[in-house]
Amino acid sequence: MRLLATTIIALRALRRNKLRSALTALGIIIGVGAVITMVSIGNGAKAQVEAQVASLGRNVITILPGSATTAGARGGQGSANTLTVDDALAIQREVSGAVAVSPELRQGAQVLGNGLNWRTSVHGVAPEFTAIRAWPLAEGRLFTDAELRSAAKVAVIGTTVAKQLFPDVDPLGQNIRINNVPFQVVGVLSPKGFNFFGQDQDDCVHLPYTSFMSRVFRWRNTVNNIIVEAPSAAAMPRLQQEIADLLQQRRGGREPDFTVRNQLELAQTATETSRTMTALLGAIAGVSLLVGGIGIMNIMLVSVTERTREIGIRLAIGAHDRDIRLQFLIEAMILSMIGGAIGVLGGIGLAQTLSNLNGWPVLVSTSSITLAVGFSAFVGVAFGFYPAHKAAKLDPIDALRFE
Amino acid sequence: MSPVVQLRDIRRTYRNGELEVHAVRGISLEIHAGEFIAIMGASGSGKSTLMNTLGCLDRPTSGSYLLDGVDVASLDREARADLRNQKLGFVFQGFNLLPRTSALENVELPMLYAQNRVSSTEMKRRAMAALGIVGLAQRADHLPSQLSGGQQQRVAIARALVNEPRLLLADEPTGNLDSKTSVEVMGVFQRLNEQGITIVMVTHELDIAQYCKRILVVRDGLVVRDEPVTGRLIAAEELKKLLGAEAAAQLTSAPFGAK
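Residues numbered from 1 in each chain as written. Chains lettered and ligands numbered in written order. Predicted model: local features only at pLDDT ≥ 70, side-chain atom pairs only at ≥ 80, totals over all residues. Heavy atoms only, no water.

J.: Account for the overall build of chain A, with residues named and values stated.
T.: From N to C terminus, chain A includes 13 helices and twelve strands. Per-residue burial for chain A yields a buried fraction of 50% across its 403 residues. A fraction of 76% describes how many contacts in chain A between residues 6 or more apart in sequence connect residues 24 or more apart. When the accessible surface of chain A is summed, it comes to about 18,900 Å², and 59% of that surface belongs to carbon and sulfur atoms. (Helix = DSSP H or I, 4+ residues; strand = E, 2+ residues; numbered from the N terminus. Buried < 20%, exposed > 50% of the residue type's maximum accessible area, 1.4 Å probe, protein only. Contact = heavy atoms within 4.5 Å. Areas by Shrake-Rupley, 256 points an atom, 1.4 Å probe, with all protein chains shown as cover.)

Okay, structure coming up:
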């Protein structure tokens, strides 16, 4: 093989027609860049949606009290005060599959602090609630088990409350008063945004449920609901059954006055969302690749066809068929490599720029880079090589006469 | 000394569907070193087919062709390509230089396809030498578009010479040139021929053929005349005459000139 000589020939041919070389590379740059940009943005969106769904807490089982009937009027689900802290403790103690358990108590209250006041929802919970709800703290700390046991006057507040009461002060260490009971703010929850029903989830104050019951609202043992984290989605049905059995056992022969629900629907939504996003991404990548591929193909086909005469000259003065094929192969590979490299950098750059401009998250995946570069290089080389291969087999006389 | 070219009963038949076209119907020919031959004939006479056969671009249907003692008929496509590269130089009517490529790189091209490639400095030296022979050493870095037709054809001649071929083939080399430039190019050929290079050219202009040493006339696929040139023209003298005539024309028109 006259590899060195042919490489010189190919480089000279590329340099000779800078515009054509640039256009060919441009086809590959756009093909690769478009795929990488689209897939990066799509991947980012997908990750964000999945994170949002996950932030609602996955694999969560909720136990709600049954309904109470007052003067013939049935109160609906959760209206009875039949669920107790003891139920929650029993589940924690006896259901081994439960990863974390927390009772939830809720009451609206006017909260004072920093000379300001704000009506918000006060929650009584166990420290495990952050794990179950997948709701980490933005700053400060969570109350401890010891503080739970001693009904300490400590509170963890949501960002909305933090903003309303402490607009220009660090809320950590500040005092707030709930029903005239002072609490020290020890932590601020990370923002969670609105839930599916348009409620601001950050508009809240979380207290140890012991403090909630004994110091603020004087509830007697009853809770609004109990939340339990299961180790996996698959473990949920069995865990639900165990909880139901335990609670029924605790109630002796009485009618069941509770419901055990899970977030299967949410898990299904998450899976469904993820699947839709993946399909969308695949379609975008496919279309981008197709468009880019057709662009590369057209430029390659046209440029080789218009060079038939050149091939004729080369054949007449002693080039072998394989010299011609090798020349066009090297040209196509050089253009594919340069175009691919610029396309990767450009695609990542564009994705980052869009991300910075619009605040979209982007996620550059290696697989999309590999796919885009591989496909574009294949199209470039195949459609640069095949017509050259055909032209190389032409009679030099015919190739020279080609107009 | 054995002839450079020895054709024996060469025939070439093209099949055009059902129709058989006999382009060459039995030509036998010997060309010796140092000859300068013009092949003349009307279009369709078979002179182009003969030329393509001589140039190893086309294979005869039957007959034998020895080029410098090598039997061309038995060679495959690649071997014929090597033969073209080593033993033949081509000059075309349409110059056929690579566009947007400097004269130097155009002349280097045959060396890039040579079986025994020389170093790039040696390649450049040889290409410059070939350009020097045709008087274009000063224009080595010019692109074809920056050169006149005659200069382009001289670059093409330099390209044909660079591998020191046994035979220089020119297919209507003056077909695209005006008469003065034609004489200049014929002057280049005559100088090369004096240095011992064997030249075969196709032309349909009798006055161009007059610069050669031997004329073959082809008609209906056969050589109908084969004779030495009588009253051969010498390009250098013709050029002097042309310049003299031009000067005379300028003198006579001088009173009306701008100066």
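J.: Could you give an account of the sheet that holds strand β7 (residues 167-171) of chain B, naming the residues involved and the relevant values?
T.: Residues and elements named next belong to chain B. Pairing in this open sheet of six strands is mixed, and the strands run β6-β7-β8-β3-β9-β10 from one edge to the other. Each edge of the open sheet carries a strand with a single partner, namely β6 (88-91) and β10 (222-228). Looking at each pair of strands side by side, their axes are set apart by 20 degrees on average, direction ignored. (Pairing = 2+ DSSP bridges. Axes fitted to C-alpha atoms, helices over the stretch in contact; angles between N-to-C directions.)

J.: Go over the side chain of Arg12 of chain B with me, naming the residues and quoting the values.
T.: All names here are of chain B. Within the secondary structure layout, Arg12 lies in strand β1 (residues 5-16). With relative accessibility at 16%, the residue Arg12 sits in the buried group. Those residues within four positions of Arg12 in sequence are excluded, and the remaining contacts are Val21, His22, Ala23, Val24, Thr49, Asp58, Arg59, Pro60 and Thr61.

J.: Could you give an account of helix α12 (residues 366-393) of chain A, naming the residues involved and the relevant values?
T.: With 28 residues, α12 of chain A extends 40 Å from end C-alpha to end C-alpha; this agrees with the ideal 40 Å at 1.5 Å per step. Among the residues making up α12 of chain A, those that are buried are Ser368, Ile369, Ala372, Ser376, Val379, Gly380, Val381, Gly384, Pro387, Ala388, Ala391 and Ala392 of chain A. (Expected span 1.5 Å × (residues − 1).)

J.: How would you sum up the packing of helix α3 (residues 85-94) of chain A against helix α8 (residues 236-250) of chain A? Please name residues and give values.
T.: All names here are of chain A. Following both chains from N to C, one finds α3 and α8 inclined at 125 degrees, their axes separated by 10 Å at the closest point. By the angle class used here, α3 and α8 are oblique. Handedness of the crossing formed by α3 with α8: right-handed. Together, Asp86, Asp87, Ala90, Ile91 and Glu94 of α3 and Ile243, Leu246, Leu247 and Arg250 of α8 make up the contact between the two elements. Within the contact of α3 with α8, the residues separate by chemical class into five nonpolar, no polar and four charged. (Parallel < 35°, antiparallel > 145°, perpendicular 65-115°, else oblique. Left-handed = near helix turned anticlockwise from the far one by under 90°. Nonpolar A, V, L, I, M, F, W, Y, C, P; charged D, E, K, R; others polar.)

J.: Account for the interface of chain A and chain B, with residues named and values stated.
T.: Every contact between the two is made by 31 residues of chain A and, on the other side, 27 residues of chain B. When chain A packs against chain B, the two sides together hide about 2,600 Å² of surface, and 52% of this comes from carbon and sulfur. At the boundary of chain A with chain B, the tally comes to five salt bridges. Across the pair Glu108 of chain B and Arg12 of chain A runs a salt bridge, and its minimum N-O distance is 2.8 Å. Along the contact surface separating chain A from chain B lie 15 residue pairs in polar contact (both at pLDDT 80 or more). Counting only elements with at least two residues in the side of chain A that touches chain B, the list comes to α1 (3-16), α10 (308-316), α11 (321-358), α12 and α13 (396-401) of chain A. (Buried area = accessible area lost by both parts, 1.4 Å probe. Salt bridge = Lys/Arg side-chain N within 4 Å of Asp/Glu carboxyl O. Polar contact = N/O pair within 3.5 Å; in protein donor to acceptor, adjacent residues only side chain to side chain.)

J.: Describe the pairing of β7 of chain B, listing the residues and the values that go with them.
T.: All names here are of chain B. Burial of β7 is extensive: four of the five residues sit out of reach of the surface. Note that β6 and β7 share four bridges and pair parallel. Within β7, the position partnered with Val91 by the bridge is Ala170.

J.: Pulling in residues and values, what's your account of the environment of Leu109 of chain B?
T.: Structurally, Leu109 of chain B can be placed in helix α3 (residues 103-112). A relative accessible area of 4% places Leu109 of chain B in the buried class. Remark: the alpha-carbon pair of Leu109 of chain B and Met123 of chain B, spanning 14 residues in sequence, is separated by 9.4 Å. Leave out the neighbours within four places in its chain, and Leu109 of chain B touches Arg314 and Ile317 of chain A together with Leu98 of chain B.

J.: Let's hear about the packing of aromatic side chains: which residues, and what values?
T.: The relation between two aromatic rings is expressed through the spacing of the ring centres and the mutual angle of the planes. Residues and elements named next belong to chain A. Per the stated rule, a full pass over the model turns up five aromatic pairs over all chains. A ring pair is formed by Phe129 and Trp135, whose centres lie 6.4 Å apart and whose planes are at 80 degrees; its orientation type is edge-to-face. Side by side, Phe129 and Trp135 carry an identical accessibility label, which is buried. Each ring, one from Phe212 and one from Phe217, has its centre 4.6 Å from the other, and the planes form 55 degrees; the classification is tilted. Phe217 matches Phe212 in its accessibility class, with the two residues each being buried. Through successive ring pairs, a cluster of aromatic residues spans Phe212, Phe217 and Trp219. (Phe/Tyr/Trp six-rings, centres within 6.5 Å; stacked < 30°, edge-to-face > 60°.)

J.: So what's going on with the side chain of Ser102 of chain A? Which residues, and what values?
T.: Residue and element names in this part refer to chain A. Assignment of secondary structure puts Ser102 in strand β4 (residues 100-113). Given a relative accessible area of 0%, Ser102 falls into the buried group. For Ser102, the side chain forms a polar contact with the main-chain nitrogen of Ala126, separated by 3.0 Å. Excluding anything up to four places from it in sequence, Ser102 contacts Val125, Ala126, Phe129, Ile132, Asn225, Ile226 and Ile227.

J.: Could you give an account of the confidence of the model for chain B, naming the residues involved and the relevant values?
T.: Should pLDDT be low for a region, the predicted coordinates there are not to be read in detail. Put simply, chain B has an average pLDDT of 90, and 97% of its residues get 70 or more. At the level of chain-chain contacts, confidence expressed as ipTM amounts to 0.90, with global pTM at 0.69. (pLDDT = per-residue confidence, 0-100.)

J.: Kindly report on the nonpolar core, identifying the contributing residues and their values.
T.: Grouped together as the largest cluster of nonpolar side chains are 94 residues, with contacts concentrated most on Leu67 and Phe189 of chain B. When neighbours within four sequence positions are excluded, Phe189 of chain B is seen to be in contact with Phe36, Val91, Ile157, Leu168, Ala170, Pro173 and Ile199 of chain B. Of all hydrophobic cores here, the second largest spans 47 residues; its members include Val205, Leu207, Leu246 and Phe258 of chain A. (Core = buried A, V, L, I, M, F, W, Y, C linked by side-chain atoms within 4.5 Å.)

J.: So what about the environment of Asn117 of chain A? Which residues, and what values?
T.: Residue and element names in this part refer to chain A. For Asn117, the location among the structural elements is in strand β5 (residues 116-125). For the pair Asn117 and Leu165, spaced 48 residues apart in sequence, the C-alpha to C-alpha distance is 6.5 Å. Dropping the residues within four chain positions of it, Asn117 is found in contact with Gln110, Val111, Leu112 and Leu165. A distance of 2.9 Å separates polar atoms of two side chains, one belonging to Asn117 and the other to Gln110.

J.: Go over a nonpolar patch on the surface with me, naming the residues and quoting the values.
T.: A contiguous nonpolar patch, built from Leu19, Leu23, Leu26 and Ile30 of chain A and spanning about 380 Å² of accessible area, is present on the exposed surface. Inspection of the secondary structure puts Ile30 of chain A in helix α2 (residues 18-55). (Patch = residues over 30% accessible without salt bridge, like charges linked within 9 Å, V, L, I, M, F, W, Y side chains within 5 Å.)

J.: How would you explain empty space enclosed by the protein if you had to name every residue and give the values?
T.: Inspection of every chain in the model, using the stated rule, returns three cavities of 30 Å³ or more. Reported here for the largest cavity is a volume of approximately 100 Å³. Along the wall of the largest cavity there are 13 residues; nearest its centre are Met300, Ser303, Arg307, Glu331 and Leu335 of chain A. Contributions of two or more residues to the lining of the largest cavity are made by α2, α9 (264-305) and α11 of chain A. Residue contributions to the lining of the largest cavity peak at four residues, all from α11 of chain A. Considering only enclosed or pocket space, the second largest cavity measures out at about 80 Å³ in volume. Taken together, Ile317 of chain A together with Arg84, Asn85, Leu88, Gly89, Phe90, Pro110, Arg159, Ala160 and Asn163 of chain B form the lining of the second largest cavity. Of all elements in the fold, only α2 (77-87), β6 and α5 (149-161) of chain B reach the threshold of two or more residues within the lining of the second largest cavity. Counting residues per element, the lining of the second largest cavity draws most heavily on β6 of chain B, which supplies three residues. In terms of residue class, the lining of the second largest cavity is made up of five nonpolar, three polar and two charged. (1 Å grid on protein atoms, 1.4 Å probe; cavity = no way out; pocket = protein on both sides within 12 Å on 5 of 7 lines; lining within 4 Å. Points joined across faces, edges and corners; volume = space filled by probe spheres on them.)

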